[in-house]
Amino acid sequence: MSERHDFEGGWEPERYELQAAPAYRFHLGRRDVFKCLGAGIVVLVLPGRVFAQESGRERRHAGKRDVPEELGAWLHIGEDGQIAVYTGKVEVGQNIRTSLTQVVAEELCAPLGSIRLVMGDTQLTPFDAGTFGSRTTPDMARQLQRVSAAARELLVDLAAEVWKADRASLTAANGRIIHRQTKEELDFGKLTKGQRLTLAVPDSPATTPAQRWKIAGHSAAKVNGRTFVTGQHKYVSDIKLPGMLHGKVLRPPSFGATLVSTNLKEAEAMPNVGVVRDGDFVGVVAPSEFLASRAVKAIQADWKLSPQISSQELFDSLKKPSGEVQDRGDAHRMGSVKEGLNAAEIRLQQTYSVAYIAHAPLEPRAAVAQWENGKLTVWTGTQRPFGVQGELAEAFRVSEDKVRVIVPDTGSAYGGKHTGEAAIEAARLARAAGKPVKLVWTREEEFTWAYFRPAGLIEVSSGIRKDGTLTAWEFHNYNSGASAIRTLYQVPNQEVWFHPGHSPLRQGSYRALAATANHFARETHMDELAHAVSMDPLEFRLKNLKDTRLRAVLERAAKAFGWGTKPGSGRGCGLAGGFEKGSYIATCAEVAVDRSSGRVKVVRAVSAFECGAVVNPEHLKNQIEGAMVMGLGGALFEAIEFENGKVLNPRFSRYRVPRFSDIPEIEVVLIDRQDLPPAGAGETPIVGIAPAIGNALFAATGVRLRSLPLVPHGSLKLP
Amino acid sequence: MPEVTELRINGTKVGVNADAERPLLSVLRDDLDLTGAKYGCGEGQCGACTVLVDGVPTRSCITSVGAVASKQVMTIEGLEQNGKLHPLQEAFLEAGAMQCGYCTSGMILSGVALLRQKPNPTVNEIIRFMEGNICRCGTYPRIIAALSKAAKAMEETGR
């Protein structure tokens, strides 16, 4: 548990995701050993050979980074016609278990109910980098579509051989191959007889265009919904193994603190309690969580504290020279900002900021770990099962073949569950105890020892003509990230920079990453410019915008909202639009501000969204609504407060998240572009709500707010 | 230390052997394998651990098992009757009123209590009653829709 907050080279923003610095570091030259052990198993693909006996124990992924091309690695048809589909993606509430099942059913021509997805199991599913970046629909749905189409064609081939028939007269439907002339039928299961399909998936098998979808493109209900409404679904925190103990870890009193000494006597004297000490790591195991909590509280420890930055000093700290400005391909220049500013009739320079916020998934990090004969199995809620497998292998000096990570459908993540802290802790305790151990983080641990959405500072400098034409745009983001940093508005002279900062808190991915911060700054600034030239904010945006897809969502949202209609007294309307990860969003919001108390209420919000072809309209709407609600929290009141290395609000009673009474009347307009491939949709719809609310607050009160959260204490100071 | 040896859960007497101070949530989940009630915050703020105690929605994470020893406790596992879902469970499925589902048990039990008190709640009454239950995925509009749907279905079928 050392050097938790030593960030030297600890994090690296990637194109799609931020990587949180590791909570645990292991200074053992492990990588070299891996090279010898981690070769994996190569799946041979023999032309002309389509079957192998299904042993049920074969690994479905070959080398670590390889995407297997063998059909059987992805899909298995049982003799009873039950179809198992294997994907390394995980279900954390995005409802991809359902949408991926729909895609398979569509392409394979099999009933939805006959298909079961095996997800996020490093032993059973092909390697997958992780469930993030809104890549499931564009990548995994496409892959499973290819796999299913190939399987369907193979089944047609097999039936043609059985019947000695022309394959052109055969059709696949409802889990069977049907001979259109003779009306003969053969179940899929009868054709494959439960054997493994070893055929290679062709590069581009004929797949069904979205316009002809009968199962995909429609609103199937959550496939395992019944297990949730009856309480039967087993989340990680619900798993119980024979002989299992409950674990707790001793946490430092503040960030950066190191352990000096401990007195374990009292804890060790408690009946049935085991105490584990391994360097800075101290934990306990007990037959119940109640007892484990008591035991960990009984440990006396001395800590050496180190000075830490507090919330108040945050933004100065983020802007301090963070080394050289780094060009990561996201720095962008066009024309000359200097000339653009000279050509402008109005110039505007403003600074925007966003606070650290917490994912606060309702299911905290949790893991159940079991060692058997040197092999480790861990059930844990993570978005990166193969990543966590690697973390565990490294931590325990075993090859990855000896580590299995299983991710049951998990109680949400929002980008917050990329790492394997709880998995490592549970496995450490389980190894020491010689018994399976379950470890569930408390809410306070979750609020303190997970990683946060980065705080950030954004400076925008712009120039504009009085007719509303943008001439210059300079945009600097400090620390929060580069996602969606570029403007889609037409500006001939631009400079756009991302400056990595020194973050005092451990930070990492969060739904839509910095696209929220960058859209907040950009769309607020655009609103300020519109007012500077007395133009309607919608008209102003459209004047500077050629992108037809962004124009379309702006126009559709405005229409559904009734943009331009004057709201009542004390009310105001705002809008914002944007693009990220292949999808487009525009959000209009109406707010009401109580004149005397300054209390703010978002009355209604309308979003128009376009992500290519829609795979499941109801679930897509659900994601967009959910993103708007979650975004409303970060927009209005969510912020992590910290001082002297402590989070001051690590509880739901102190950290406010949106509740029923915060919810505006929400409307979602979907634009279904069946002519375009589907893009992911779990993240982008979050980016519009904050600037739309901020702009609406300005319209209602004349007060311009440039920091998220906009109304941290619930009410606005009115002039 | 006083021990609780018997509880009445979902209409059945069950034997336990639990320190009376332990939270009801811990006994339900760890001793009785009734894991439908979830840990979310440990301070009664999120509602994921909600069960009904004599019909009253109760945060089992801050309720000691000793305090409910003589009372009727209902958990999500007891709501389905003879393989038939409660109308609110049906309505949650129809309205797609969940994403990750972790809050669902608590939401449904709070909702069942509301519908018993007010068979036809207005949207404002739903909001006020359900305010203590958090859905971090933000499916609140759908949960409101599910409650309204269930109220209507129950009125029609006389349940």
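Residues numbered from 1 in each chain as written. Chains lettered and ligands numbered in written order. Predicted model: local features only at pLDDT ≥ 70, side-chain atom pairs only at ≥ 80, totals over all residues. Heavy atoms only, no water.

1. Side note on the overall build of chain B
Helix and strand content of chain B: 5 helices and 5 strands. From first element to last, N terminus to C terminus, chain B shows the α and β order β-β-α-β-β-β-α-α-α-α. Here chain B has a C-alpha radius of gyration of 15 Å; the compact-globule value for 159 residues is 15 Å, and the two agree. Counting only C-alpha atoms, chain B reaches 50 × 30 × 25 Å along its principal axes. Expressed as a percentage of its 159 residues, the buried residues of chain B come to 58%. For chain B, restricting intrachain contacts to residue pairs at least 6 apart in sequence, the fraction spanning at least 24 positions comes to 56%. Entry remark: accessible area of chain B is about 6,100 Å², with carbon and sulfur atoms responsible for 49%. Charge separation in chain B, taken as the distance between the mean sites of 16 positive and 17 negative side-chain charges, equals 6 Å. (Helix = DSSP H or I, 4+ residues; strand = E, 2+ residues; numbered from the N terminus. Rg over C-alpha atoms; globule rule 2.2 N^0.38 Å. Buried < 20%, exposed > 50% of the residue type's maximum accessible area, 1.4 Å probe, protein only. Contact = heavy atoms within 4.5 Å. Areas by Shrake-Rupley, 256 points an atom, 1.4 Å probe, with all protein chains shown as cover. Lys, Arg positive; Asp, Glu negative; His and termini not counted. Charge placed at Lys NZ, Arg CZ, Asp CG, Glu CD.)

2. Focus on the sheet that holds strand 7 (residues 185-187) of chain A
Residue and element names in this part refer to chain A. Strand order in the open sheet formed by 3 strands is 5-6-7, with antiparallel pairing between adjacent strands. Two strands lie at the open edges of the sheet, namely strand 5 (170-173) and strand 7, each paired on one side alone. For this sheet the average axis-to-axis angle between neighbouring strands, irrespective of direction, equals 20 degrees. Taken together, the 3 bridges between strand 6 (residues 176-179) and strand 7 define a ladder with antiparallel strand orientation. Its bridge partner lying in strand 7, I178 is registered against E185. Its contacts with the sheet place helix 3 (residues 136-163) against strand 5, strand 6 and strand 7, and it is angled at close to 50 degrees to strand 6. (Pairing = 2+ DSSP bridges. Axes fitted to C-alpha atoms, helices over the stretch in contact; angles between N-to-C directions.)

3. A look at helix 5 (residues 140-157) of chain B
If you check helix 5 of chain B, its first and last C-alpha atoms are 26 Å apart, about what 18 residues at 1.5 Å a residue would give, namely 26 Å. Within the span of helix 5 of chain B, buried status applies to Y140, R142, I143, I144, A146, L147, A150, A151 and M154 of chain B. Contacts from the buried residues of helix 5 of chain B go to helix 16 (617-636) of chain A together with helix 2 (87-95), helix 3 (104-117) and helix 4 (123-130) of chain B. Immediately beyond the C-terminal end of helix 5 of chain B, within one or two residues, lies G158 of chain B, with a positive phi of roughly 70 degrees. (Expected span 1.5 Å × (residues − 1).)

4. What to know about the environment of T548 of chain A
Residues and elements named next belong to chain A. With respect to the helices and strands, T548 occurs in helix 15 (residues 548-561). Among the residues examined, T548 registers a relative accessible area of 60% and is labelled exposed. Considering only alpha carbons, one finds T548 and K338, 210 residues apart in sequence, at a separation of 29 Å.

5. Notes on the domain arrangement of chain A
Residue and element names in this part refer to chain A. Domain boundaries assigned for chain A yield domain 1 (51-229), domain 2 (236-306 + 365-440) and domain 3 (321-356 + 452-708). Averaged C-alpha coordinates put domain 1 and domain 2 at centres separated by 37 Å. Taken residue by residue, the interface counts 25 residues in domain 1 and 19 residues in domain 2. Taking both partners together, domain 1 and domain 2 bury about 1,700 Å²; carbon and sulfur atoms supply 50% of that area. Counting across the interface, domain 1 meets domain 2 through 2 salt bridges. The salt bridge partner of D121 is R404, with a shortest N-O separation of 2.7 Å. Across the domain 1-domain 2 interface, the total number found is 7 residue pairs in polar contact (both at pLDDT 80 or more). In terms of residue class, the side of domain 1 that touches domain 2 is made up of 9 nonpolar, 10 polar and 6 charged. (Domains from an automatic or database assignment. Buried area = accessible area lost by both parts, 1.4 Å probe. Salt bridge = Lys/Arg side-chain N within 4 Å of Asp/Glu carboxyl O. Polar contact = N/O pair within 3.5 Å; in protein donor to acceptor, adjacent residues only side chain to side chain. Nonpolar A, V, L, I, M, F, W, Y, C, P; charged D, E, K, R; others polar.)

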